[in-house]
Amino acid sequence: MSKITRNYLPELFALNVRRTKPSMVTVNLTNRCNQRCIYCEIGKNPFSTGIDTLTFADITWIIDQMSVNKIRKISFCGGEPFLFAGIIDLVSYAGKKNIRCSITTNGMTAHRLNENELSVLKECKAEINISIDSFREDIQSFTRGSSVALPNALKSILVLNKKQIPLTVLTAISKYNFHDLSQFFSTAWELGIEQVLFQPIIYYSNYPDQLPVDNKSQLNVGIDQLDQLMKELEKILLFEKKHKIKTNVYRIIPWIRSYLETAAAQNGKMFFEDVVKKFSCREIDAIVDISFEGGIQPCGLFPAEIDIYKNRHLGLMALWTAATSVLREDLLHNRYPECCNGCCHHFSRNMLASILKHPFTNRVVFKKMVPLIVSRILSGLRKYLGAARQQSGI
């Protein structure tokens, strides 16, 4: 119930009435990383000096601005955020301001956190996202560019689960792991993972001031393999119905084929035109994206022209409004920049926003979503009732 009141009801209000403020801030704390992922610009083109641009004081200023504007969630990303000195102190600082933190990590060092640091994460209700491509060591080592990627991630899962810190696994679907996704999902359940979120590879640069990885789109699942991928996703849905684990698969099934076909074709067509008839971008109004150089990006795939340093006295919200104004105007007039075609990380939310704002125009995808959502609700109810009966000894 708390998640409904904290997340879903405000989101429905924002979409159907008006959004008065962003729902979260995302900060790439550092461009340093201890993995070399095959699909990451940091991993393939190491350019870090080893010195972070953002300082501890910069992040506390951002948190203070969030508190003033009553924005209650901040996401720490990277690079690898646990390489940023003082990250636990930032979580504690945010917690005192009634701001919840999520940290997206590769799990290489999280298992080394001491008891006090783990207690801070738990007390502040931090959520940890660990990026894992496969529980097969050969695949994980290859895609992550490290022979210890999987062992360290498993150690981190064990430590975080022991402390009952909410844990989600993030998985990039590629041509190297797609055939094993259902087995991967069942293994995640065996490890006590609460949730697994899947997405295809963003074939534009994850860091728009850097050139994308060479031939990045070719890392995605090929056209001739899409049927096999869809079967794997259907298996995951069936498994989720019967087991206590969550996934976003029901949200990506309506659009992932169109995305991958567009990624392969590279013909300039916007993939979401095959999914929704009238598109509405939620993310430009909902998320403040801040790069590891302090730039305020119009969205995570768009380069920044305004930063948090110049004219800081105006406040974060004024700077963000200025940073997003041109792109917001373009989207209002259905002028989509090329990088919109890479928006698979947030597209499920954008698709749902488009359906809620324009249900009649987008009735085709609405009809596809209804049975998926209903099935998910019913399976969730069955699992809840089953757990309640088990606890009562019936």
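Keep in mind that this is a model prediction, so the values were computed, not measured. (Residues numbered from 1 in each chain as written. Predicted model: local features only at pLDDT ≥ 70, side-chain atom pairs only at ≥ 80, totals over all residues. Heavy atoms only, no water.)

Each helix and strand counted, the protein chain has 15 helices and ten strands in total. For the protein chain, with 394 residues in total, the buried portion stands at 50%. For the protein chain, the proportion of contacts with a sequence separation of at least 24, taken over those separated by at least 6, is 76%. Carbon and sulfur atoms make up 54% of the accessible area of the protein chain, which amounts to about 19000 Å² in all. (Helix = DSSP H or I, 4+ residues; strand = E, 2+ residues; numbered from the N terminus. Buried < 20%, exposed > 50% of the residue type's maximum accessible area, 1.4 Å probe, protein only. Contact = heavy atoms within 4.5 Å. Areas by Shrake-Rupley, 256 points an atom, 1.4 Å probe, with all protein chains shown as cover.)

Atomic detail in the predicted coordinates should be set aside for any region of low pLDDT. Overall, the predicted model of the protein chain reaches an average pLDDT of 91, with 91% of residues at or above 70. Throughout residues 1-8 the model reports pLDDT below 50, and contacts reaching past four residues in sequence, or to other chains, amount to five contacts. (pLDDT = per-residue confidence, 0-100.)

Think of a pair of aromatic rings as described by two things: how far the centres are apart, and how the planes are tilted against each other in angle. Under the counting rule described, the total for this entry stands at 19 aromatic pairs. Each ring, one from Phe 135 and one from Phe 184, has its centre 4.5 Å from the other, and the planes form 20 degrees; the classification is stacked. Taken as a pair, Phe 135 in the loop between β4 (127-131) and α6 (137-144) and Phe 184 in helix α8 (residues 181-190) lie far apart in primary sequence, 49 residues in all. The pair formed by Phe 135 and Phe 184 is uniform in burial state, with each residue classed as buried. Taking the centre distance of 6.3 Å and the plane angle of 65 degrees together, the rings of Phe 184 and Phe 198 count as edge-to-face. Note that Phe 184 is positioned in helix α8 and Phe 198 in strand β6 (residues 195-200), a separation of 14 residues in sequence. (Phe/Tyr/Trp six-rings, centres within 6.5 Å; stacked < 30°, edge-to-face > 60°.)

In total, this model carries 15 salt bridges according to the counting rule given. Between Lys 97 and Asp 64 there is a salt bridge; the shortest N-O distance is 3.3 Å. Placement of the pair is Lys 97 in the loop between α4 (87-96) and β3 (100-105) and Asp 64 in helix α3 (residues 56-68), with a sequence separation of 33 residues. The class for Asp 64 is partly exposed, based on a relative accessible area of 25%. One salt bridge in this structure joins Asp 138 and Arg 136, with 2.8 Å as the shortest N-O distance. Under the relative-accessibility criterion, Asp 138 is labelled partly exposed at 47%. For Arg 136, a relative accessible area of 36% gives the class partly exposed. One connected set of salt bridges, linked through shared partners, spans Lys 73, Arg 100 and Glu 127. (Salt bridge = Lys/Arg side-chain N within 4 Å of Asp/Glu carboxyl O.)

One way to put it is that α6 packs onto helix α7 (residues 149-162) with a least axis distance of 8 Å and a crossing angle of 105 degrees. Looking at the two axes, α6 sits roughly perpendicular to α7. Within the contact between the two elements, α6 uses Glu 137, Gln 140 and Arg 144 and α7 uses Ala 149, Leu 150 and Pro 151. Grouping the constituent residues of the contact of α6 with α7 by class yields three nonpolar, one polar and two charged. (Axes fitted to C-alpha atoms, helices over the stretch in contact; angles between N-to-C directions. Parallel < 35°, antiparallel > 145°, perpendicular 65-115°, else oblique. Nonpolar A, V, L, I, M, F, W, Y, C, P; charged D, E, K, R; others polar.)

Take the pairing of strand β2 (residues 73-77) next. Of all five residues in β2, four are buried, a share of seventy percent or more. Judged from the four bridges that link them, β2 and β3 form a sheet pairing that is parallel. Bridging across to β3, Lys 73 finds its partner in Arg 100. Traced from β2 through α4 to β3, the parallel crossover comes out right-handed. (Pairing = 2+ DSSP bridges. Right-handed = clockwise from strand over helix to strand, strands pointing away.)

Spatially, the ten strands line up as an open sheet ordered β7-β6-β5-β4-β3-β2-β1-β8-β9-β10, and their pairing is mixed. This sheet does not close on itself; its edge strands, each paired only once, are β7 (246-247) and β10 (306-307).

We now examine the nonpolar core. Buried together is how nonpolar side chains tend to be arranged in soluble globular proteins. Ile 62 and Phe 76 are the most contacted members of the largest nonpolar core, which totals 99 residues. In contact with Ile 62, other than residues within four places in its own chain, are Val 25, Val 27, Ile 74, Ile 290, Ile 308 and Leu 316. If you look at the next biggest cluster of nonpolar residues, it comprises ten residues, including Cys 37, Ile 38, Cys 40 and Ala 172. (Core = buried A, V, L, I, M, F, W, Y, C linked by side-chain atoms within 4.5 Å.)

Our focus in this paragraph is a nonpolar patch on the surface. A cluster of nonpolar side chains, contributed by Phe 366, Val 370, Val 374 and Leu 378, occupies part of the molecular surface with about 310 Å² of accessible area. Positionally, Val 374 belongs in helix α15 (residues 363-392). (Patch = residues over 30% accessible without salt bridge, like charges linked within 9 Å, V, L, I, M, F, W, Y side chains within 5 Å.)

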